[in-house]
Amino acid sequence: MNRRPSLRSHPHISCRSRALVAVAIAALAMLGPAAAVAAAPAASVLGLWRSQDRGGTIELYNCGPAVCGRILDGPTLRANPDLRDVKNGDKALRTRPVKGLRIFDGFTGGPTRYAGGSLYDPESGWGTSNGFLTLKDADTLEVKGCVAFFCQSEIMLRIR
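Asks: Let's hear about the overall build of the chain: which residues, and what values?
Replies: The number of helices and strands found in the chain is three helices and eight strands. Along its sequence from the N terminus, the chain presents helices and strands in the succession α-α-β-β-β-α-β-β-β-β-β. Taken over 160 residues, the chain has a buried fraction of 29%. Sequence-distant contacts in the chain: of pairs separated by 6 or more residues, those separated by 24 or more amount to 38%.

Asks: Talk me through the layout of surface pockets; I want residue IDs and the actual numbers.
Replies: A probe matching the size of a water molecule, rolled over the atoms, marks out where space remains unfilled. Computed from the structure, the largest pocket encloses a volume of approximately 660 Å³. What lines the largest pocket is a set of 32 residues, and nearest its centre among them are Arg54, Ile103, Asp121, Pro122 and Glu154. If you list the elements that add at least two residues to the lining of the largest pocket, you get strand S3 (66–73), helix H3 (75–79), strand S4 (102–109), strand S5 (113–121), strand S7 (140–147) and strand S8 (150–158). Looking at the lining of the largest pocket, the element that brings in the most residues is S8, giving four residues. In terms of residue class, the lining of the largest pocket is made up of 15 nonpolar, seven polar and ten charged.

Asks: Describe the packing of aromatic side chains, with residues and values.
Replies: Overall, the coordinates contain one aromatic pair when judged by the stated rule. Ring geometry for Phe104 and Phe107: centres 6.2 Å apart, planes at 65 degrees, overall edge-to-face. Phe107 shares its class with Phe104; the two are buried. Lying across the ring of Tyr61, Arg70 places its NZ or CZ 4.1 Å from the centre.

Asks: I'd love a proper account of the pairing of S3, names of residues and values included.
Replies: As paired elements, strand S2 (residues 57–63) and S3 share seven bridges and run antiparallel to each other. Bridged to Asn62 within S3 is Val67. Taken together, S2 and the strand that follows it, S3, pair antiparallel across an intervening segment of two residues, in which Gly64 is found at a positive phi of about 70 degrees. Strand direction decides the pairing type here: S3 and S4, joined by three bridges, are antiparallel. Opposite Val67, over in S4, you have Phe107 as the bridge partner.

Asks: Can you break down the nonpolar core residue by residue, with the values?
Replies: Of all hydrophobic cores here, the largest spans 20 residues; its most connected members are Leu60, Phe104, Leu133 and Leu141. Of all elements in the fold, only S2, S3, S4, S5, strand S6 (126–137) and S7 reach the threshold of two or more residues within this core. Look past the residues within four positions of Leu141 in its chain and what remains in contact with it is Val45, Trp49, Leu60, Leu133, Thr134, Leu135, Glu154, Ile155 and Met156.

Asks: I'd like a description of the environment of Arg158, backed by residues and values.
Replies: The topology assignment puts Arg158 in strand S8. The exposure class of Arg158 is partly exposed, given its relative accessible area of 21%. Sequence separation of Arg158 and Leu48 is 110 residues, and the distance between their C-alpha atoms is 6.0 Å. Aside from chain neighbours lying at most four places away, what touches Arg158 is Ser44, Val45, Leu46, Leu48, Trp49, Leu135, Ala138 and Asp139. A distance of 2.7 Å separates a polar atom in the side chain of Arg158 from the backbone oxygen of Ala138.

Asks: Lay out the sheet that holds S6 with the relevant residues and their values.
Replies: One closed barrel holds the eight strands; their spatial order is S1-S2-S3-S4-S5-S6-S7-S8, and the pairing between them is antiparallel. On average, each strand axis in the sheet is inclined to that of its neighbour by 30 degrees, with strand direction left out of account.

Parameters and conventions
- Residues numbered from 1 in each chain as written.
- Predicted model: local features only at pLDDT ≥ 70, side-chain atom pairs only at ≥ 80, totals over all residues.
- Heavy atoms only, no water.
- Helix = DSSP H or I, 4+ residues; strand = E, 2+ residues; numbered from the N terminus.
- Buried < 20%, exposed > 50% of the residue type's maximum accessible area, 1.4 Å probe, protein only.
- Contact = heavy atoms within 4.5 Å.
- 1 Å grid on protein atoms, 1.4 Å probe; cavity = no way out; pocket = protein on both sides within 12 Å on 5 of 7 lines; lining within 4 Å.
- Points joined across faces, edges and corners; volume = space filled by probe spheres on them.
- Nonpolar A, V, L, I, M, F, W, Y, C, P; charged D, E, K, R; others polar.
- Phe/Tyr/Trp six-rings, centres within 6.5 Å; stacked < 30°, edge-to-face > 60°.
- Lys NZ or Arg CZ within 6 Å of the ring centre and 35° of its normal.
- Pairing = 2+ DSSP bridges.
- Core = buried A, V, L, I, M, F, W, Y, C linked by side-chain atoms within 4.5 Å.
- Polar contact = N/O pair within 3.5 Å; in protein donor to acceptor, adjacent residues only side chain to side chain.
- Axes fitted to C-alpha atoms, helices over the stretch in contact; angles between N-to-C directions.

Right, dumping it as structure tokens:
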């Protein structure tokens, strides 16, 4: 019969050390999974993200109890810093600047999946009120927008 060595029988550990180790093990056992969560905080969707396909920079931030996002930079903005939202379906909004434009609005949930928000793409004028943000890992975010059964998604990479 194989016996696993115990703290009591180990010849190189003093009685005091065995007692400290036993207390530490008991404390970890009581905390269970909560100790691991506290030690390694979950990644957040908040921060700066770069579109893998288009090279634009988006800032995700808290807007009340939700998460929103605005355009900070992109190749078309570098070429034309005064770019306007000319493809917007609402003619009254076509003169607003693209830089700083809120294109993600009202996402709730978390910490790795957010839903219920709206997405808007000023390059096409396309928008949806059925969007999803999914944190694939600490530095990869999938942004998905759906209209009926048709969905488009884009991968964004964390800048910082």
